[in-house]
Amino acid sequence: MELVKLDMLYEGKAKKIYTTNITNQFIVTYKDDATAFNGEKKGSIGEKGVVNNKMSAILFQLLSEKGIENHYISLLNEREMVVKAVKIIPLEVIIRNVVAGSMAKRLGLEEGSPLKTPVLEFCYKNDELGDPLINDDHIMALQLADLTQIQQLKQMALNINKVLQQFFFNKELRLIDFKLEFGLFEDRIILADEISPDTCRLWDLTTNEKLDKDRFRRDLGNVEEAYKEVLNRIMN
Ligand code: TMP
Ligand code: ASP
């Protein structure tokens with residue numbers, strides 16, 4: 001059956017999700033729009049949608065090959081992919097290998113300090129509240145996930161970190177930290193959302209040059225070039 005795009009189900013800051021004529025499949029459209037600081041800073045990054053669509057497709061395929069189930073099905077065109085219709089769990093799962101961003105600020109640590117073991121953080125996905133940091137007890141009390149699901153989320157996120165860290169290292173990139181979102185599909189927890197320079201901090205392995213959304217957040221310039229550089233490296 002030919003896939004037909006139907007109604008827009010949801011519009012986020014960087015993507016739109018559409019229902020389709022196939023009940024368990026959605027279409028994701030990646031936008032060039034960029035925001036930071038919970039939408040306070042707004043802009044656009046040239047060709048970001050194209051880069052993030054392609055890069056997410058490559059990384060989701062890599063993770064599938066490593067046995068980590070995710071929502072990716074196929075690329076539809078330059079800016080769109082077909083995905084499994086998951087119900088998103090309203091949690092942001094952050095993994096950190098090196099101190100940066102909000103962790104540096106919150107704990108008064110120097111950005112760039114390596115962490116002895118990866119740090120996993122949960123944030124409650126809620127724009128009005130600015131995605132506050134929460135812990136396992138909040139998650140259970142708010143019934144966002146049960147204990148087994150929390151353990152599964154943690155295990156999956158740490159496994160994903162191992163795969164991505166090695167992959168990026170081979171491309172001369174350091175995976176500093178990243179954010180994941182998961183969803184429920186046929187009662188299983190699977191990886192969803194995107195994996196891109198919007199959602200990962202990636203530094204050049206030798207120079208530590210920032211090649212991710214921090215260039216936009218911090219007005220460092222050459223934002224589009226950085227996104228394209230990351231895509232070029234992972235495609236070669
Ligand atoms: P943070 O240091 O600002 O908490 O960000 C940690 C990681 O999560 C970083 O790789 C960027 C990513 N991230 C998102 O994908 N979306 C967000 O809204 C925020 C704040 C961070
Ligand atoms: N995407 C987030 C926002 O606008 C923040 C970020 O990525 O820094 O709120």
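Just so we're clear, the structure is a prediction, and the values are computed from it rather than from any experiment.

Caption draft 1: Molecular detail of the site of ligand 1. Residues in close proximity to ligand 1 total 13 residues, the closest being Arg-96, Ser-102, Asp-177, Lys-179 and Arg-201. Interatomic distance of 2.6 Å between a side-chain N/O atom of Ser-102 and an oxygen atom of ligand 1. For ligand 1, an oxygen atom lies 2.9 Å from a polar atom in the side chain of Arg-201. Isolated, ligand 1 exposes 450 Å² of accessible area, and the fraction of that covered by the protein chains is 77%. Within the residue set of the shell around ligand 1, elements represented by two or more residues are β9 (91-98), α2 (101-107), β12 (173-185) and β14 (200-204). The dominant element in the shell around ligand 1, judged by the number of residues it contributes, is β12, at three residues. Its residues assigned to classes, the shell around ligand 1 comprises four nonpolar, three polar and six charged.

Caption draft 2: A look at the state of the cysteines. Inspection of the entire model under this criterion finds zero disulfides. Considering cysteine sulfurs only, Cys-123 is the nearest to Cys-200, which forms no disulfide, with 15 Å between them. Its relative accessible area of 3% is what places Cys-200 among the buried residues.

Caption draft 3: Local environment of helix α6 (residues 223-235). Here α6 contains 13 residues, and its C-alpha end-to-end distance of 19 Å stays within 8% of the 18 Å for a straight helix at 1.5 Å per residue. Taken together, the buried positions of α6 are Val-223, Ala-226, Tyr-227, Val-230, Leu-231, Arg-233 and Ile-234. Down the axis of α6, the sector holding all buried residues measures 165°, keeping them to one side. Buried positions along α6 lie against α1 (48-65), α4 (147-170), β12, β14 and α5 (214-217).

Caption draft 4: Examining the packing of aromatic side chains more closely. Across all of its chains, the model carries two aromatic pairs by this definition. Ring centres of Phe-60 and Tyr-72 lie 6.4 Å apart, and the angle between their planes is 20°; this geometry places the pair in the stacked category. With Phe-60 in helix α1 and Tyr-72 in strand β6 (residues 72-77), the pair connects residues that are 12 residues apart, well separated along the chain. We classify Phe-60 as buried; its relative accessible area is 0%. The class of Tyr-72 is buried, set by a relative accessible area of 12%. With a centroid separation of 5.7 Å and an interplanar angle of 70°, the aromatic rings of Phe-167 and Phe-168 are classed as edge-to-face. Relative accessible area serves as the criterion here: at 15%, Phe-167 is assigned to the buried category. The class for Phe-168 is buried, based on a relative accessible area of 0%.

Caption draft 5: Broad picture of the pairing of strand β4 (residues 33-36). Bridge count for β4 against strand β5 (residues 41-44) is four bridges, and the pairing is antiparallel. Along β5, the bridge assignment pairs Ala-34 with Gly-43. Connecting the antiparallel pair β4 and β5 is a turn made up of four residues, with Phe-37 showing a positive phi of about 55°.

Caption draft 6: Fine view of the environment of Ile-73. Following the sequence through the fold, Ile-73 ends up in strand β6. The partly exposed category is assigned to Ile-73, whose relative accessible area is 34%. Considering only alpha carbons, one finds Ile-73 and Lys-84, 11 residues apart in sequence, at a separation of 6.7 Å. Filtering out sequence-adjacent residues up to four positions away, Ile-73 remains in contact with Gln-25, Val-82, Val-83 and Lys-84.

Caption draft 7: Local environment of the site of ligand 2. Every residue lining ligand 2 is accounted for by Lys-13, Thr-35, Ala-36, Phe-37, Asn-38, Gly-39, Lys-213 and Arg-217. Between ligand 2 and the protein, one listed contact pairs an oxygen atom with a side-chain N or O atom of Lys-13 at 3.1 Å. In this structure, Thr-35 approaches ligand 2 through a side-chain N or O atom, which is 2.4 Å from an oxygen atom. A breakdown of the residues in the shell around ligand 2 according to their chemical character gives two nonpolar, three polar and three charged.

What counts, and at which threshold
Residue positions are counted from 1 within each chain, in the order its sequence is given. Note on labels: chains are lettered from A, ligands numbered from 1, in written order. In keeping with the model being predicted, local features are shown solely for residues with a pLDDT of at least 70 and side-chain atom pairs are shown and tallied solely at 80 or more, while totals for entire chains, interfaces and linings include all residues. Values shown for side chains rest on all heavy atoms present in the structure; no hydrogens or waters enter the calculation. Think of it this way: one heavy atom of a residue within 4 Å of a molecule or strand is enough to make that residue near it. Residues adjacent in sequence count toward polar contacts only when both atoms are side-chain atoms; beyond that, a polar contact is any pair of N or O atoms within 3.5 Å, and within protein one must be able to donate a hydrogen and the other to accept it. Accessibility throughout is a Shrake-Rupley quantity obtained with a 1.4 Å probe, and a residue counts as covered only by protein chains that appear here. Strands are runs of DSSP state E lasting at least 2 residues, helices are runs of H or I lasting at least 4, and numbering of each runs from the N terminus. Only Asp, Glu, Lys and Arg are considered charged, only Ala, Val, Leu, Ile, Met, Phe, Trp, Tyr, Cys and Pro nonpolar, and every remaining residue, Gly among them, polar. Throughout, disulfides are identified as pairs of cysteine sulfur atoms within 2.5 Å of each other. For every residue, the accessible area (1.4 Å probe, protein chains only) is compared with the maximum for its type, and the residue is labelled buried under 20%, exposed over 50%, or partly exposed between those bounds. Helix span, as expected, comes to 1.5 Å for every residue beyond the first. Throughout, the arc means the angular range of directions from the helix axis out to the C-beta atoms. Here, residues are in contact when the closest pair of their heavy atoms is within 4.5 Å. Here the aromatic set is Phe, Tyr and Trp, taking the six-membered ring for Trp, and pairing holds for ring centres within 6.5 Å; pairs whose planes are under 30 degrees apart are stacked, those over 60 apart are edge-to-face, and all others are tilted. Any two strands between which DSSP finds at least two bridges are classified as paired.

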